[in-house]
Amino acid sequence: MIDFKDVLFVIVVFISNVIQSITGFAGTVLAMPFSIMLVGYGTAKPVLNVIGIVLSLGVIGLNHKSLNKKEFIKIISIMLVGMVVGMVITKQFSINAALLYKLLGVIVLVFVGIGIFNALMQKYKKKDDEEKKGKTGFLLYIVLVVAGVVHGMFICGGPLLVVYASQKIKGRDEFRVTVSAVWAVLNTIVLFSDIRAGYFNTKLFILLGICIAVLFGALWVGNIIFRHINKKWFMITTYVLMAISGISLLVK
């Protein structure tokens, strides 16, 4: 029942979650394009979604008191609007898988561009005046809506949520717990949608069980690597891998 492509998919899950444990993001964005090519959208999306829920609940369980309830409610409310749109779009595109994959490829490359831009511009940041802050605030809400759309389609809204949350939530523990709580709620909604769509079957449950076991190994390895690696160069490697995954979908 488990073939060679499934084994490669498990390896992708392992590597992407090692990266996730080091960078704090990019796990699903990196895994999704390769996973779709290996096992298809109907398997990749529900498995990666459940893994996201498990990761989020782990983070919340360790430090739930740091939750920023105000931002949590705001993010959930805005992203839900985008998620509904994203799910509707996916339903329309599902008749043309090639177009769906190319759209994901473009989205991944946009994320790479955003990540590189933020990294380059971070050291040049200056304090904004009040007018600029207002405009930036409005744009951040637009980013949240788009994050919801992308998450509803590919459960890959993380990089865009990070753009918003990094501006609004300053404490590291508060940031991690609040973002994790958002994914726990939104991914659970996606889970119910996937169950209704009939994605879950015997083979998927077997793959899911293997991937969850592999997940804990990936987190352990990631924590070890984190203590011995230059994070700047690791981030560059991550963006290169994301770019390769995005381009591979465009030429598929």
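Since we're looking at a predicted model, the values are computed, not measured. (Residues numbered from 1 in each chain as written. Predicted model: local features only at pLDDT ≥ 70, side-chain atom pairs only at ≥ 80, totals over all residues. Heavy atoms only, no water.)

Caption draft 1: Structural detail: the overall build of the protein. Across its full length, the protein holds 10 helices and 0 strands. Tracing the protein from N to C terminus, the helices and strands come up as α-α-α-α-α-α-α-α-α-α. Going through the 252 residues of the protein one by one, you find that 45% of them count as buried. Across the protein, contacts joining residues at least 24 apart in sequence account for 84% of those joining residues at least 6 apart. (Helix = DSSP H or I, 4+ residues; strand = E, 2+ residues; numbered from the N terminus. Buried < 20%, exposed > 50% of the residue type's maximum accessible area, 1.4 Å probe, protein only. Contact = heavy atoms within 4.5 Å.)

Caption draft 2: Fine view of the environment of F200. Checked against the element boundaries, F200 lands in the loop between α8 (172–196) and α9 (202–226). Separated by 154 residues in the primary sequence, F200 and P46 place their C-alpha atoms 7.8 Å from one another. Not counting the four nearest positions on each side in its chain, F200 is found in contact with P46, V50, L191, D194, I195, F205 and L208.

Caption draft 3: Spatial organisation of the packing of aromatic side chains. Applying the stated rule across the entire model yields 4 aromatic pairs. Ring centres of Y41 and Y199 lie 6.5 Å apart, and the angle between their planes is 80°; this geometry places the pair in the edge-to-face category. Within this pair, whereas Y41 is found in helix α3 (residues 41–63), its partner Y199 is found in the loop between α8 and α9, the two being separated by 158 residues in sequence. We classify Y41 as buried; its relative accessible area is 10%. For Y199, a relative accessible area of 24% puts it in the partly exposed group. (Phe/Tyr/Trp six-rings, centres within 6.5 Å; stacked < 30°, edge-to-face > 60°.)

Caption draft 4: Fine view of the side chain of K45. Assignment of secondary structure puts K45 in helix α3. Residue K45 is classed as buried on the basis of its relative accessible area of 5%. If sequence neighbours within four positions are ignored, K45 has contacts with M32, G152, M153, I155, V190 and D194.

Caption draft 5: Broad picture of the packing of α3 against α9. Between α3 and α9, whose axes approach to 10 Å, the crossing angle comes to 45°. As judged from the angle between their axes, α3 and α9 are oblique. Relative to α9, the crossing made by α3 is right-handed. Of the residues in α9, those in contact with G42, T43, P46, V47, V50, I51, V54 and L55 of α3 are L204, L207, L208, C211, I212, L215, F216 and L219. (Axes fitted to C-alpha atoms, helices over the stretch in contact; angles between N-to-C directions. Parallel < 35°, antiparallel > 145°, perpendicular 65-115°, else oblique. Left-handed = near helix turned anticlockwise from the far one by under 90°.)

Caption draft 6: Structural detail: the nonpolar core. Core analysis: the largest hydrophobic core is formed by 64 residues, its most contacted members being M32, M79, F111, F154, L161, V182 and M242. Of all the elements, helix α6 (residues 130–154) adds the most residues to this core, at 8 residues. Residues contacting M79, with those up to four places away along its chain left out, are L144, A147, G148, H151, L161, V182, W183 and L186. (Core = buried A, V, L, I, M, F, W, Y, C linked by side-chain atoms within 4.5 Å.)

Caption draft 7: Seen up close, the pattern of salt bridges. With the rule as written, the count across this model stands at 3 salt bridges. For D6, the salt bridge is made with K203, and the minimal N-O distance between the two is 3.0 Å. In this pair, D6 is assigned in helix α1 (residues 4–23) and K203 in helix α9, connecting sequence segments 197 residues apart. Put simply, K74 and E71 hold a salt bridge, and the shortest N to O gap is 3.4 Å. You can see K74 and its partner E71 sitting in helix α4 (residues 69–93), 3 residues apart, about one turn around the helix. What makes K74 partly exposed here is its relative accessible area of 23%. Judged by relative accessible area, which is 7%, E71 ranks as buried. (Salt bridge = Lys/Arg side-chain N within 4 Å of Asp/Glu carboxyl O.)

Caption draft 8: Summary view of a nonpolar patch on the surface. Judged by side-chain polarity, M1, I2, F4, V7, I11, I15, I206 and I210 come together as a nonpolar surface patch covering roughly 740 Å² of accessible area. When contributions to the nonpolar patch are tallied by element, the ones reaching two or more residues are α1 and α9. When residues in the nonpolar patch are grouped by element, the largest group, 4 residues, is from α1. Relative to the helices and strands, I11 resides in helix α1. (Patch = residues over 30% accessible without salt bridge, like charges linked within 9 Å, V, L, I, M, F, W, Y side chains within 5 Å. Areas by Shrake-Rupley, 256 points an atom, 1.4 Å probe, with all protein chains shown as cover.)

Caption draft 9: Fine view of the packing of α3 against α8. Interaxial distance between α3 and α8 falls to 8 Å at its minimum, and their mutual angle equals 145°. Here α3 and α8 pass one another in a crossing that is left-handed. Listed contacts from α8 to K45, P46, N49, V50, G52, I53, S56, L57, V59, I60 and N63 of α3 are D173, R176, V177, S180, A181, W183, A184, N187, T188, V190, L191 and D194. For the contact of α3 with α8, the per-class residue count stands at 12 nonpolar, 7 polar and 4 charged. (Nonpolar A, V, L, I, M, F, W, Y, C, P; charged D, E, K, R; others polar.)

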